[in-house]
Amino acid sequence: VKFWEKEFETASRDSIENLQLTRLKKSIAKAMHAPFYMAKYGSLGLNEHAVTSVRDIEKLPFTTKEDLRANFPDGFLAVPKKQVVRLHSSSGTTGNPTVVYHTRHDLDSWANLMARSLFCAGVRDEDVFQNICGYGLFTGGLGFQYGIERLGCLSIPAGAGNSLRQIKLMRDYGTTVAHAIPSYLNRLYDVFVEQGLDPKKDTRLHTLVIGAEPHTEEQRQRIEAMFGVKAYNSFGLSEMNGPGVAFECTFQSGLHVWEDAFIVEIIDPETLQPVPDGEIGELVMTTLDREAMPLIRYRTRDLTRIIPGKCDCGRTHRRLDRIKGRSDDMFIVKGCNIFPMQVEKILMQFPELSGEYRILLERMNDVDEMIVEVEISKENFSGDVVSLSNLTKQVTHDIRDEVLTKPIVKLVEPGSIPKSEGKAVRVIDSRKLN
Amino acid sequence: MAYQVSIFLENKPGHFRRVTTVLKREGINIRTMTLSTTSLGWGVLNLIVDNPVKAHDALSKQNFSVKLRKVVVLKMDDTPGGLDALLEKLENTGINIENAYGRIVKEKEKAYLAIDVENIDEAESKLREAGLEFLDDEVVYGNNLN
């Protein structure tokens, strides 16, 4: 087994924890330059001296997505804006976006973690790496790009979509590694077949990196079989930079989370108490090497567990299991993070709709679909097919604009959506993720 | 001007009959109908009935999305070429038909064509100018066949 940074990746648990403690203290001190932490820690009488061991992190309060939004745009900024060189931000027009700032150091550290992640999955500098991912505010584009370059591969910043062009790029330049969301790879395979091509014979692909969308082990195996490659799971979230937070090694037995850069905790989302290794809970993360926007005990809302035991690859950084779901109502379709409220806000703008709706998430031929069933209004019913068809088109368009993935909008009769007692069940996810 | 009753229906087994069950209970008689379906999983049922207001209220009470929509009902001869002659006059007015459905009123004598157009009031005056004959509402609803 080869390593990108052997001294970090195979360090003893003791030295990892010592490094974590040193960096945690620094992070707290840095964070307290940001208005949010200055006020919060100030009022609680907390500072970097409150922690004398990594476990002491439990004394510190959580940071939530709501905190990030409420302190938009720069309540979490811990350095003068002059030092900031890039921001990434969530999509959507509902409420404040989640924005994350980076200094030059932050981007450098992120690129290194990304390169380490790819190296760990067997990618090397002789590879030709096609990044089939949206560039721009979305972290999957630039995040991978800088890591691919740091590792020394020939990078092809292909961007998302346009399957024929993706295939042509792969064949023209002899792509050996590609990164995409799993559901897109299913579609890409179909296009290969339509073109009379077999990716196993007609490309030089040996590795696919899949992420940004929850998927099952079966789905991974199907992708591996279709393309004749090894497929590795990538995990990240924009609040923790983006991709390069946790990554599978060639043993494919969970995702090593880089503990020199992050402290991971798994908590019970109800009691907020830590759960033992091996048990599923909510992932809470702390940045250890970030200047512009240190985040301490950030509740990711992703449900997963620490896989107990050591990995055969020799890396000592603990492994996260595949993401099992969410502890809030966010869901992910085709790599887009979506809250039901975003859909609801759009639907409320149409008097022709009653406002009753539900979202069905289904996996059709390995492609995730978001079906929005919405009742039409009794009072504002126009009575003709043309205006209802136009209404469907407009609603589809507006939701797509908001959440960046195209829904299937189904108009239904008034009163046909089951009303639940108490908290309405707005999202029914029938995709199987275990 | 006559009214048609337009009802939104999901394209699912049993949904059409929910309408007819309500009409049966209310003693409402259907004169003619069309059902337009779309590839989007739903359609619109248009009915001409003997008492459109009563039908509308009864269906609305049962939670249907239902609308009374004005239609132009034009007379034609119940002979070969009758519809063609009517459409020829209609064509000259430049009015575009959104939906249309016909019915014989009395065998071998009269028939009518109900047409649904975008701007109904403008269409009505144009059609009158063009010399087209309108059918009395009561005849359309079938309450006075003579």
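In case you missed it, the structure is sitting above this.
Here is what the cut-offs are and how they apply
Residues numbered from 1 in each chain as written. Chains lettered and ligands numbered in written order. Predicted model: local features only at pLDDT ≥ 70, side-chain atom pairs only at ≥ 80, totals over all residues. Heavy atoms only, no water. Contact = heavy atoms within 4.5 Å. Buried area = accessible area lost by both parts, 1.4 Å probe. Salt bridge = Lys/Arg side-chain N within 4 Å of Asp/Glu carboxyl O. Helix = DSSP H or I, 4+ residues; strand = E, 2+ residues; numbered from the N terminus. Nonpolar A, V, L, I, M, F, W, Y, C, P; charged D, E, K, R; others polar. Expected span 1.5 Å × (residues − 1). Buried < 20%, exposed > 50% of the residue type's maximum accessible area, 1.4 Å probe, protein only. Pairing = 2+ DSSP bridges. Phe/Tyr/Trp six-rings, centres within 6.5 Å; stacked < 30°, edge-to-face > 60°. Core = buried A, V, L, I, M, F, W, Y, C linked by side-chain atoms within 4.5 Å. Axes fitted to C-alpha atoms, helices over the stretch in contact; angles between N-to-C directions. Parallel < 35°, antiparallel > 145°, perpendicular 65-115°, else oblique. Left-handed = near helix turned anticlockwise from the far one by under 90°. Patch = residues over 30% accessible without salt bridge, like charges linked within 9 Å, V, L, I, M, F, W, Y side chains within 5 Å. Areas by Shrake-Rupley, 256 points an atom, 1.4 Å probe, with all protein chains shown as cover.

The subject of this paragraph is the interface of chain B and chain A. Between chain B and chain A, the residue contacts involve 21 residues of the former and 19 residues of the latter. Both sides together, the interface formed by chain B and chain A hides about 1,600 Å², and carbon and sulfur atoms give 56% of it. When the area that chain B buries against chain A is broken down by residue, the three leading residues are F8(B), W42(B) and S65(B), summing to 33%. Summed over the shared surface of chain B and chain A, the result is two salt bridges. Those elements that place two or more of their residues in the side of chain B that touches chain A are β1 (2–10), α1 (15–26), β3 (42–49) and β4 (66–77) of chain B. Ranked by residues supplied to the side of chain B that touches chain A, first place goes to β1(B) with five residues. In terms of residue class, the side of chain B that touches chain A is built from eight nonpolar, eight polar and five charged.

Let's shift gears to helix α8 (residues 182–194) of chain A. Residues and elements named next belong to chain A. Relative to the 18 Å expected for 13 residues at 1.5 Å per residue, α8 spans 19 Å between its end C-alpha atoms, a close match to the ideal helical length. Listing the buried residues of α8 in full gives P182, S183, Y184, L185, N186, L188, Y189, V191 and F192. Looking at the buried residues of α8, the elements they touch are α7 (163–173), β5 (177–180), α9 (199–202), β6 (207–211), α10 (217–227) and β19 (367–376). Directly beyond the C-terminal end of α8, a positive phi value near 75° is found at G196.

Let's shift gears to the sheet that holds strand β4 (residues 154–156) of chain A. All names here are of chain A. Pairing is mixed across the open sheet formed by nine strands, whose spatial order is β4-β3-β5-β6-β7-β8-β9-β14-β13. Both edges of this open sheet fall to β4 and β13 (306–307), since each of them pairs with a single strand only. Note that strand β9 (residues 255–257) and strand β14 (residues 319–320) share two bridges and pair antiparallel. Bridged to H256 within β14 is R319.

Residue and element names in this part refer to chain A. Evaluated as defined, the whole model comprises 10 aromatic pairs over all chains. Here the aromatic rings of W4 and F119 are separated by 5.8 Å at their centres, their planes lie at 45°, and the arrangement is tilted. Remark: F119 occurs in helix α5 (residues 104–120) and W4 occurs in the segment before α1 (6–9); sequence separation between them is 115 residues. Judged by its relative accessible area of 27%, W4 is partly exposed. Between Y37 and Y41, the ring centres sit 5.3 Å apart and the planes meet at 85°, which makes this aromatic pair edge-to-face. Here Y41 and Y37 lie together in helix α3 (residues 35–44), a separation of four residues that amounts to about one turn.

Within the largest apolar cluster, 54 residues are counted, with the highest numbers of intra-cluster contacts made by Y37(A), F235(A) and M285(A). Setting aside its immediate chain neighbours within four residues, Y37(A) contacts A31(A), M32(A), G42(A), T63(A), F76(A), P294(A), L295(A) and I296(A). Within the second largest apolar cluster, 27 residues are counted, among which are I359(A), L361(A), F381(A) and V44(B).

A few words on the pairing of strand β18 (residues 353–364) of chain A. For a regular strand, side chains alternate in direction, first toward one face of the sheet and then toward the other. All names here are of chain A. Looking at chain direction, β18 and β19 are connected through nine bridges and run antiparallel. In the strand pairing of β19, L360 is matched with I371. Adjacent in sequence and paired antiparallel, β18 and β19 are bridged by two residues, among which N365 carries a positive phi angle near 50°.

Turning our eyes to something else, we now look at the packing of α8(A) against α10(A). Relative orientation and spacing of two packed helices are given, respectively, by the angle between their axes and the distance between those axes. Residues and elements named next belong to chain A. Relative to each other, α8 and α10 sit at 30°, their axes nearing to 11 Å. When the axes of α8 and α10 are compared, the pair comes out roughly parallel. For the pair α8 and α10, the sense of crossing is left-handed. Seen from α8, the contacting residues are P182, S183, L185, N186, L188, Y189 and F192; seen from α10, they are Q219, I223, M226 and F227.

With that settled, the discussion passes to a nonpolar patch on the surface. Residue and element names in this part refer to chain B. On the surface, a nonpolar cluster with roughly 300 Å² of combined accessible area is contributed by F16, I30, M33 and L35. With three residues, the single largest contributor to the nonpolar patch is strand β2 (residues 30–37). Along the chain, I30 falls in strand β2. Note on I30: relative accessible area 32%, which makes it partly exposed.

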